[in-house]
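Results of the structural survey
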Amino acid sequence: MESFPARETRIGDLVVARALPIRERRMVGPWCFLDRYGPLTFSAGRPMDVAPHPHIGLQTVTWLLDGEVEHDDSLGNQSLLRPGGVNVMTSGGGIAHAEQTPRDHSGRLNGVQLWTALPDTVRDAEAGFAHVDHVPEVESRDGMATIFAGTLAGAASPAPYFSPIVGADLRIHAGHTLALPLDPAFEHAVLVLDGDAALDGQPLAPRMLHYLGVARSHADFVSADGGRVLLIGGAPFAEKILMWWNFVARTPEEIAAARADWESHRRFGDVRHYRGGRLEAPKLVQAARPAPMS
Ligand code: MN
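Notes on the structure follow. What you see as residue numbers is a count from 1 along each chain, following the sequence as written. Selection of residues for local features in this predicted model requires a pLDDT of at least 70, selection of side-chain atom pairs for listing and counting requires 80 or more, and totals for whole chains, interfaces and linings are taken over all residues. As a convention, hydrogens and water are excluded, and side-chain values are obtained from all of the structure's heavy atoms.

**Re unusual backbone geometry**
Cut-off, in case you're wondering: Secondary structure is summarised from DSSP: a helix means a run of H or I of at least four residues, a strand means a run of E of at least two, and numbering begins at the N terminus for each. Think of it in three bands: with a 1.4 Å probe and only protein chains considered, a residue is buried below 20% of the maximum accessible area for its type, exposed above 50%, and partly exposed in between.
Proline 21 follows leucine 20 through a cis peptide bond whose omega is -10°. Relative to the helices and strands, proline 21 is located in the loop between β3 (14-20) and β4 (31-41). The omega torsion of the bond from glycine 38 to proline 39 falls at 5°, within 30 degrees of zero and hence cis. Structurally, the position occupied by proline 39 is in strand β4. Phi is positive for tryptophan 245, which is not a glycine, with a value near 50°. Inspection of the secondary structure assignment puts tryptophan 245 in the loop between β24 (242-244) and β25 (247-249). One non-glycine residue, arginine 267, lies in the positive phi region at around 70°. The exposure class of arginine 267 is partly exposed, given its relative accessible area of 42%.

Encoded structure:
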């Protein structure tokens, strides 16, 4: 197991811990981006308010532990996400969206935002959006696995993905061991979301991405006082990707073209249900610099 600290950054007013990409680890299977935000409470304002911005070459996956997120995109989709459900947006060759705390809210926010890189064969296919209200849960006396991506412990998420993948929110009861079968063809990583957990006798430090490598056929999670762990994995992604801002591409030219199209109001469409301006693309100083926004 290799452990890497997430780095703190900001998206508007929202402080996030970015666990992917980091210098030492760019991807885990097709997963190429992982932001952890919250838990936080608020009485005024909106902690999440990400104005319309474009994406290419990826899926955005929004998973909540608490609170609400409203999604609006340039296809006209509107969706209110709550814990237990998942929002998966597939960019195809280009889409724009906004994510924000809705007007009616619980005053709490706690979740993760992930991206998957789309394989070359489908990355220019049609854009789409899927909201799943309740993803499958597998419960035992030791805890529960909630599967928002791919298949785990015999349960499959109905959300659409385009390469072999797994994404799950694991709850381990206090004093129990949650034993899970894993696909040995996958590489996996875990991030503690709450409480305490240990794997292979090693405590899983918080705010760290713990990379488990490939060829692991099971994982037994232990918790003293109860814990919650995010598990991500998939077949190692065979293609070399280039990430810049909100784009996943293969060449600097593709990124420059996507940036130019966003700045010229081409390709991506308008997010009509969002009130307010949109995000401007940063200057294209260095195409290979990974500075994803959300
Ligand atoms: Mn986004």
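**Things to note about the nonpolar core**
As a reminder, the rule being used: In this description, a nonpolar core means a group of buried Ala, Val, Leu, Ile, Met, Phe, Trp, Tyr and Cys residues linked to one another through side-chain atoms lying within 4.5 Å.
Core analysis: the largest hydrophobic core is formed by 30 residues, its most contacted members being Trp31, Leu34 and Phe148. Counting residues in each nonpolar core, the second largest holds 22 residues, with Ile147, Leu152, Leu178 and Leu212 among its members.

**Quick look at the sheet that holds strand β11 (residues 108-117)**
So the rule is basically this: The rule for pairing is simple: two strands pair if DSSP sees at least two bridges between them. The convention used is that axes are lines fitted to C-alpha atoms, helices contributing only their stretch in contact, and that angles between N-to-C directions extend from 0 to 180 degrees.
Here seven strands make up an open sheet; going across it, the order is β2-β3-β4-β11-β6-β9-β12 and the pairing antiparallel. Because the sheet does not close on itself, it has two edges, and the strands there are β2 (7-11) and β12 (128-132). On average, each strand axis in the sheet is inclined to that of its neighbour by 20°, with strand direction left out of account. As paired elements, strand β9 (residues 86-90) and β12 share five bridges and run antiparallel to each other. Following the sheet pairing, threonine 90 is matched in β12 by glycine 128.

**Describing the side chain of histidine 53**
What counts, and what does not: The definition of a polar contact used here is a pair of N or O atoms within 3.5 Å, where within protein one atom must be able to donate a hydrogen and the other to accept one, and adjacent residues in sequence count solely through side-chain atom pairs.
Among the secondary structure elements, histidine 53 is positioned in strand β5 (residues 49-55). Here histidine 55 takes part through its side chain, which lies 3.2 Å from a polar atom of the side chain of histidine 53.

**Some details on the pattern of salt bridges**
Side-chain pairs of opposite charge can arise where the charged atoms are in close proximity. Spelled out, the test is: A side-chain nitrogen of Lys or Arg and a carboxyl oxygen of Asp or Glu constitute a salt bridge if their distance falls within 4 Å.
One pass over the structure, following the stated rule, counts twelve salt bridges. The residue aspartate 261 makes a salt bridge to arginine 266 at a minimum N-O spacing of 2.9 Å. Judged by its relative accessible area of 44%, arginine 266 falls in the partly exposed class.

**Regarding the sheet that holds strand β17 (residues 177-181)**
Sheet architecture is open: four strands sit in the order β17-β22-β19-β20, paired in antiparallel fashion. The two strands at the open ends of the sheet, each matched to only one other strand, are β17 and β20 (202-203).

**Quick word on helix α1 (residues 252-263)**
Where we set the bar: Helices are assigned an expected span. That span is 1.5 Å times one less than the residue count. Contacts are residue-level and defined by heavy atoms, with any inter-residue pair within 4.5 Å sufficient.
If you check α1, its first and last C-alpha atoms are 16 Å apart, about what twelve residues at 1.5 Å a residue would give, namely 16 Å. Those residues of α1 that are buried lie in contact with β5, β10 (95-100), β24 and β25. Just downstream of α1 lies histidine 265, where phi reads positive at about 60°.

**Focus: the side chain of serine 79**
With respect to the secondary-structure elements, serine 79 resides in strand β8 (residues 78-81). Among the polar contacts listed, one links the side chain of serine 79 to the side chain of histidine 131, at a separation of 3.1 Å. Ignoring any residue separated from it by four or fewer positions in sequence, one finds serine 79 in contact with Val69, Glu70, His71, Asn87, Phe129 and His131.

**What to know about the environment of alanine 98**
Position of alanine 98 among the secondary structure elements: in strand β10. Taking the C-alpha atoms as reference points, alanine 98 and phenylalanine 129, 31 residues apart in sequence, are found 13 Å from one another. Those residues in contact with alanine 98 that lie beyond four places of it in its chain are Val50, Ala51, Pro52, Glu70, His71, Asp72, Val271 and Tyr274.

**Concerning the layout of surface pockets**
A probe matching the size of a water molecule, rolled over the atoms, marks out where space remains unfilled. To keep it simple, the criterion reads: Within this scheme a cavity is a closed region of a 1 Å grid, computed over the protein atoms alone, that accommodates a 1.4 Å probe without allowing it to escape, whereas a pocket is open but has protein on both sides within 12 Å along at least five of seven lines; lining residues each have an atom within 4 Å of a point. Grid points are joined across faces, edges and corners, and a volume is the space filled by probe spheres set on the points. When residue character is reported, Ala, Val, Leu, Ile, Met, Phe, Trp, Tyr, Cys and Pro are called nonpolar, Asp, Glu, Lys and Arg charged, and the others, Gly included, polar.
Here the largest pocket defines a volume of roughly 250 Å³. Lining the largest pocket, in full, are Gly45, Arg46, Glu70, Gln100, Thr101, Pro102, Arg103, His105, His273, Tyr274 and Arg275. The class makeup of the residues in the lining of the largest pocket is two nonpolar, five polar and four charged.

**Quick notes on the pairing of β4**
The pairing of β3 with β4 spans four bridges and is classified as antiparallel. Residue pairing in the sheet places alanine 17 in a bridge with arginine 36 of β4. Sheet topology note: the β4/β11 ladder contains eight bridges and is antiparallel. The residue bridging tyrosine 37 from the neighbouring strand is glycine 111, located in β11.

**Considerations on the packing of aromatic side chains**
Two measures describe an aromatic ring pair: the distance that separates the ring centres and the angle between the ring planes. As a reminder of what qualifies: Any two of the Phe, Tyr and Trp rings considered here, Trp counted by its six-membered ring, make a pair once their centres fall within 6.5 Å; the pair's planes then place it as stacked at under 30 degrees, edge-to-face at over 60, or tilted in between. Should the NZ of a Lys or the CZ of an Arg lie within 6 Å of a ring centre and within 35 degrees of the ring normal, that charge is described as sitting over the ring.
Taken as a whole and judged by the stated rule, the model has nine aromatic pairs. Measuring from ring centre to ring centre gives 5.0 Å for tryptophan 63 and phenylalanine 148, while their planes differ by 25°; the resulting arrangement is stacked. Pair noted here: tryptophan 63 is in strand β6 (residues 58-67) and phenylalanine 148 is in strand β14 (residues 143-152), with a separation of 85 residues, a long-range link. Across the pair, phenylalanine 148 and tryptophan 63 agree in class, each one buried. An aromatic cluster of three or more residues is present, and its members are Trp244, Trp245, Phe247, Trp262 and Phe268. The cationic tip of arginine 278 hangs over the ring face of tryptophan 262; the distance from NZ or CZ to the ring centre is 3.7 Å.

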